[in-house]
Amino acid sequence: MKKMIAMLLTGMLCAGLLAGCGSSSSAPAAGAAADQKEETTEAVEETTEAAGDAVEAAAQAATGEAAEAAAPAATGEQAAAAPAEGAAGQTFTVGFDAEYPPYGYLDEATGDYTGFDLELAQEVCNRRGWILVKQPIDWNTKDMEINSGAVDCLWNGMTYTGREEEYTWSDPYVSNSIVVAVMADSDIQTKADLAGKNVVAQSGSSALTALQNDPGDGSNDENLALAATFNSLEEIADYNSAFMNMSAGIYHAIAVDIGVARHQLSTNEGKYRILDEEISKEEYAIAFKLGNTELRDQVQETLNEMAADGTVNAIAEKYAEDQLPEMLIIGK
Amino acid sequence: MGFMSIVQQIIGGFGTTVFIFFFTLLFSMPLGILFALARMSRFKPLNLLMQVCISILRGTPLMLQLIVVFFMPYYVFGIKLTTSWRVYAALIGFSVNYAAYFGEIFRAGIQAVPVGQHEAAEVLGFTKAQTFWKIVFPQMVKRVVPPVTNEVITLVKDTSMAFAIAYAEMFTMAKQVAAAQSNIMPLFVAGVFYYVFNIVVAWIMGKVEKSLDYFQ
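Throughout this description, residue numbers start from 1 for each chain and increase along the sequence as written. Chains and ligands are labelled sequentially in the order written, the chains with letters from A and the ligands with numbers from 1. Local features are withheld for residues below a pLDDT of 70 in this predicted model, meaning they are given only at 70 or higher, and side-chain atom pairs are given and counted only at 80 or more; totals for whole chains, interfaces and linings count all residues. Side-chain descriptors were evaluated using all non-hydrogen atoms of the structure, hydrogens and water having been removed beforehand.

Caption draft 1: Structural detail: the confidence of the model for chain A. The pLDDT value tells you how sure the predictor is about a given residue, anywhere from 0 up to 100. Averaged over every residue, the pLDDT of chain A is 77; residues scoring 70 or more account for 73%. Every residue in residues 17–88 of chain A scores below 50 in pLDDT, and together they form 84 contacts with partners more than four places removed in sequence or on other chains. Whether two residues are in contact is decided by their heavy atoms: any pair within 4.5 Å suffices.

Caption draft 2: Structural detail: the packing of aromatic side chains. Residue and element names in this part refer to chain B. A pair of aromatic rings is counted whenever rings of Phe, Tyr or Trp (Trp by its six-membered ring) have centres within 6.5 Å, and the orientation is called stacked for planes under 30 degrees apart, edge-to-face for over 60 and tilted otherwise. Using the criterion set out here, one finds 26 aromatic pairs over all chains in the structure. Each ring, one from tyrosine 98 and one from phenylalanine 102, has its centre 6.2 Å from the other, and the planes form 55°; the classification is tilted. In this pair, tyrosine 98 and phenylalanine 102 are both assigned in helix H4 (residues 85–111), four residues apart and thus about one turn of the helix distant. Comparing tyrosine 98 with phenylalanine 102, the two get one shared label, buried. Secondary structure is summarised from DSSP: a helix means a run of H or I of at least four residues, a strand means a run of E of at least two, and numbering begins at the N terminus for each. With a 1.4 Å probe rolled over the protein chains alone, any residue whose accessible area is under 20% of its type maximum counts as buried; one over 50% counts as exposed, and the rest are partly exposed.

Caption draft 3: View of a nonpolar patch on the surface. Here, patches come from residues exposed beyond 30% relative accessible area and free of salt bridges, joined within 9 Å for like charges and within 5 Å for nonpolar side chains (Val, Leu, Ile, Met, Phe, Trp, Tyr). A 1.4 Å probe and the Shrake-Rupley method give the accessible areas. Residues count as covered only by the protein chains that appear here. Between Lys or Arg on one side and Asp or Glu on the other, a salt bridge is scored when a side-chain nitrogen of the former is within 4 Å of a carboxyl oxygen of the latter. Residues Val192, Val196, Val200, Trp203, Ile204 and Val208 of chain B make up a contiguous nonpolar surface patch of roughly 530 Å² in combined accessible area. Looking at the secondary structure, you find valine 208 of chain B in helix H8 (residues 185–211).

Caption draft 4: The pattern of salt bridges, seen in detail. Taken as a whole and assessed by the stated rule, the structure comprises 11 salt bridges over all chains. Between arginine 127 of chain A and aspartate 309 of chain A there is a salt bridge, with the nearest N and O atoms lying 3.0 Å from each other. Taken as a pair, arginine 127 of chain A in helix H5 (residues 116–128) and aspartate 309 of chain A in the loop between helix H11 (293–308) and helix H12 (311–317) lie far apart in primary sequence, 182 residues in all. Overall, the relative accessible area of 32% leaves arginine 127 of chain A in the partly exposed class. Overall, aspartate 309 of chain A belongs to the partly exposed group, its relative accessible area being 48%. Measuring nitrogen to oxygen at the nearest pair gives 3.0 Å for the salt bridge that ties arginine 86 of chain B to glutamate 145 of chain A. Taken together, the residues arginine 86 of chain B in helix H4 and glutamate 145 of chain A in helix H6 (residues 142–147) connect one chain to another. Residue classification places arginine 86 of chain B among the buried positions, given a relative accessible area of 1%. Overall, the relative accessible area of 0% leaves glutamate 145 of chain A in the buried class. A single network of salt bridges, built from pairs that share partners, joins Arg39, Arg58, Glu104 and Arg107 of chain B.

Caption draft 5: Representation of helix H3 (residues 62–77) of chain B in the model. Expected span of a helix, by definition, is 1.5 Å for each gap between consecutive residues, and there is one gap fewer than residues. Taking 1.5 Å per residue as the helical rise, H3 of chain B with its 16 residues ought to reach 22 Å, and the 22 Å between its terminal C-alpha atoms agrees with that figure. Its axis deflected by about 55° at phenylalanine 71 of chain B, H3 of chain B carries its strongest bend there, up to four residues before the proline proline 73 of chain B. Every buried residue belonging to H3 of chain B is among Leu62, Gln65, Leu66, Ile67, Val69, Phe70, Phe71 and Pro73 of chain B, and all of these are buried. The elements touched by buried residues of H3 of chain B are H6 of chain A together with helix H2 (44–59), H4 and helix H6 (128–158) of chain B. Backbone geometry just downstream of H3 of chain B places glycine 78 of chain B in the positive-phi region, at approximately 70°. The bend reported for a residue corresponds to the angle between axes fitted to the seven residues ending at that residue and the seven starting there.

Written as C-alpha cells, this is what we have:
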C-alpha cells in the first residue's frame, strides 16, 4: 500500500514535470493515468480535479485582474481584448518595449500604452477590424516571443538594416540614425573625443550592434575602430537608465537611436546634447515571424493606404517634438 | 506629471504583483508538503527524483525557469503560444520554484519532531496518516513559521521577475513610468509599495506565529 502511494507520487511528479510543458493536455493525461489504478484513484482524481478547478479559477481571475492591472486606468483595448480572444475579430498582438519613447511607452495621463508605432498599429487594426493587443515585452527575449507566436509582430522602432534575413519585414517606414548623446556641459564635441570615454548602449539594440557587429566585409570597420578607442562599451537594460547613469557621471556618452535621444532632450530641457556626427544610418520596419508573409502583406497594404491618405503623417505630427515627421520615409 | 498619477499607475501594477503573490502561495504550500514527503520517502526512486528536482529548482535562476516554462510548449511541442498562457506560465514557474524551498523547510520541520512521538503514537494505535496529520503536522507548522515568513517576504520581491516572460507587474510598471517621464521617482514609489506590503506580510505572519504559540 505504501509502495503504491510512493509509486503514484513518483508518477504524479513525472506528470507534474511534464505539466510545465503542455498547457491543457497534461491535465487529462494525469487524470487518465489515475483511472488505470484502482484503490487510490479517487483521491488522486480529486486532487487533479481540484487542481484543475483552481487553475481555471485563477485564470479567470487573472484575465480580469491582468486586464485591470496591466492597464491601470481602464485600457479599453486590453480589457476588451482579453475576453474577446478567439471570438469574432482577429487579435493582432504587437510586441514592444514599453521603455522606448516615443515609439512605445506608457502614457501617464491615460495609463494606456501609446507611442508613434502603437498609434500606427491601432489605426491598422481599426481599419482591418482587428483587436489590437499591446504586449510590452522584455526586448532581450523578442526573438523567442515572435518565433513562438506569443506576439504577432515586433513594432517598436525595430531596426531593419542589418537584420534583413532574420525576420519577414514590412517596407521601411522611418529613417533612423544612431547618434551619440552626451551631457550638455560635456567636453565631447566629436566622435574622436570619445576616445578613452565610457560609452553605453541598450542591450539588444541596433546602436550596440552598430558598435560591435563585425560583418567581416569591412563595411562596419569605421564604427568598430571608433568603439576600440572607447575606455569601455557597456550594455544597459533600457535607455532611461542609461540617461540616469550618465547624469550620475557613470557614463560619458550614450549611443542611441535619434528618436529616443530627442525624446530625452525634449523632456529634460537643456540637460543633454546630441553630437552632430552620427554613428550610422539605418531604417525601421515592422518585423514579422520569418515566413509570415500573409500577415505582413495585410499590414503593409493598410499601412500604404494610411500613408496615401495622410494618416501616417498626421500621427507623426503628434510627435513633432521628437522630429518624427522629418524621419518618415513611407509615402515619400 | 503629478505625483498622484505616478502612484495611480503603480497601484495598477500592484494588483498584478498581489495576484502572483497570492496564487503562488496558494499552490506552492501544498505542493511543498508533497515535495517534503516525497523527499523523505523510503521509496528510493521517488526520493532520488525529488532530490534531483529540488537541486535543479534551487540551483538555477528563477528567471530562467520562468522562461523555460513559458516557451517550452512552443520549442518542445510546437504549440503556438497565446497571451493568456503568460499568466499560467508565471504561476507554474513561481509555484514550483517556491514549492522546492518550502519543501525543504517543511522537511526540516517534520524531522524536528522527536522519534519518541512517533513511537508513542504507534503504541496508542494511531495509523501512519493519523500520526502525520494529528501529531507531526501541527508541530511542524509551529516550527516553520519564521523560515516560511522569510520565503514569503522574498516572494513579494521576486514577483518582479515575472517580466522575464513579459507579464507586467508593479516594478515593470514603475520602470515604464520612469522611462515615459525620464524620472527616477516612480522606482522609489514602487519601493515604498513593496516595503509597506512586506510590513503587512510580516505583521500577519507575526500574528500567526503568536496564535500558534499555545504551549507557552
